[in-house]
Amino acid sequence: MAKADYDVKIVVLRKNMDDDDATQIVDQKKTAPFKSLLSRPKKDDVHVHSLKLYYECLLIVSGKYVADYFRKATHSISVDSNVSEISLGGGLFPARSKSGIKKALVGKRGKNKIDLKLEEHVFIEEDDELTFDHHGREIKFQFKIDSKTVENYPERLLEENASNVKKSEIGVETAISKLQLHLKKPLESDVRDLNDEFVLGDVMEVYVPIFEARLVGPKKKVGIIRIDAVKKKIL
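So, here's what we can say about the structure. Values in this document were obtained by computation on a predicted structure and should not be read as measured data.

1. Regarding the nonpolar core
No. 1: Membership of the largest hydrophobic core comes to 20 residues, with the highest contact counts inside it found for M17, Y55, Y207, F211, L215 and I227.
No. 2: Listing elements by their share of this core, those giving two or more residues are α1 (19-29), β2 (47-79), α3 (154-160), β8 (191-216) and β9 (222-228).
No. 3: Element by element, the count of residues in this core is highest for β8, at four residues.
No. 4: Other than its neighbours up to four places away in sequence, L215 contacts V26, K30, P33, F34, V46, H47, V48, H49, K221, V222, G223 and I225.
No. 5: Residues L59, I176, L179 and L200 belong to the second largest nonpolar core, which totals 16 residues.

And the structure:
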């Protein structure tokens, strides 16, 4: 799919905390990356090397897969015990033979079964959306998007913070291909006259503000604390 076939909507979520809020959380939790089962360093032994606000891209793609085709199938019907076969569409369908034991159990009142070999015209319509984090891993989208939760000038904000923007590590085409595979379930082996189509819905890049603190602990060991600036919680 060529890039001209879709438009990418850019959204930047508003942060609900500032640098001071992030600094306070980091100061409270800065020993956590260095603790072990046997020890935990003192706060004075951990130095906050840097605290930066990043904008990390979540790539969201939605779409629909529609298809119709014919497949072979067998449907069984019950008929009276004295019916040996039925005529349907110019063909004769015999009653299923019974074993001696079954005849003894059901007697003359037992129903006969007739297997009808025919074709079904199947229609499929599947729609869904997938969300990928900036590493390209599939995740569940957990944010609300409305006028109160997004920045008014997203592209300008991203340009102003270009050095701290983490773009998606997978391309839009790759995300769309993953969505197609997700929607297009494997078909039966014996089908004919397959007509199918994938219809792309929305393509959206949602940038989430993330505070990232780089810490230096005992023996110069490096640790990281990441804070979701929308939900105000440590990741």
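2. A few points about the layout of surface pockets
No. 1: The computed volume of the largest pocket comes to approximately 310 Å³.
No. 2: Every residue lining the largest pocket is counted, 17 residues in all, and those nearest its centre are L58, I139, F143, I210 and L235.
No. 3: At the level of elements, β2, β8 and β9 are the ones that each hand at least two residues to the lining of the largest pocket.
No. 4: Considering only residue class, the lining of the largest pocket consists of seven nonpolar, three polar and seven charged.

3. What to know about α1
In an α-helix there are 3.6 residues to a turn, and that puts residues three or four apart on one side.
No. 1: Those residues of α1 that sit buried are A22, I25 and V26. The buried residues of α1 all sit within an arc of 100° when viewed along its axis, so they share a single face.
No. 2: On its buried face, α1 sits against β2, β8, β9 and β10 (233-234).
No. 3: N-capping of α1 is provided by D18, with a side-chain oxygen placed 3.2 Å from the backbone N of D20.

4. Some points on the packing of aromatic side chains
No. 1: Counted by the stated rule, this structure contains one aromatic pair.
No. 2: Measuring from centroid to centroid gives 5.7 Å for F141 and F143, while their planes differ by 65°, and the two rings are edge-to-face.
No. 3: Owing to a relative accessible area of 18%, F143 belongs among the buried residues under this scheme.
No. 4: Here K166 stacks its cationic end above the ring of Y54, 4.5 Å away from the centre of that ring.
No. 5: The positively charged end of K231 is found above the aromatic ring belonging to F143, 5.1 Å away from the centroid.

Basis of the calculations
- Residues numbered from 1 in each chain as written.
- Predicted model: local features only at pLDDT ≥ 70, side-chain atom pairs only at ≥ 80, totals over all residues.
- Heavy atoms only, no water.
- Core = buried A, V, L, I, M, F, W, Y, C linked by side-chain atoms within 4.5 Å.
- Buried < 20%, exposed > 50% of the residue type's maximum accessible area, 1.4 Å probe, protein only.
- Helix = DSSP H or I, 4+ residues; strand = E, 2+ residues; numbered from the N terminus.
- Contact = heavy atoms within 4.5 Å.
- 1 Å grid on protein atoms, 1.4 Å probe; cavity = no way out; pocket = protein on both sides within 12 Å on 5 of 7 lines; lining within 4 Å.
- Points joined across faces, edges and corners; volume = space filled by probe spheres on them.
- Nonpolar A, V, L, I, M, F, W, Y, C, P; charged D, E, K, R; others polar.
- Arc of directions from axis to C-beta.
- Polar contact = N/O pair within 3.5 Å; in protein donor to acceptor, adjacent residues only side chain to side chain.
- Phe/Tyr/Trp six-rings, centres within 6.5 Å; stacked < 30°, edge-to-face > 60°.
- Lys NZ or Arg CZ within 6 Å of the ring centre and 35° of its normal.

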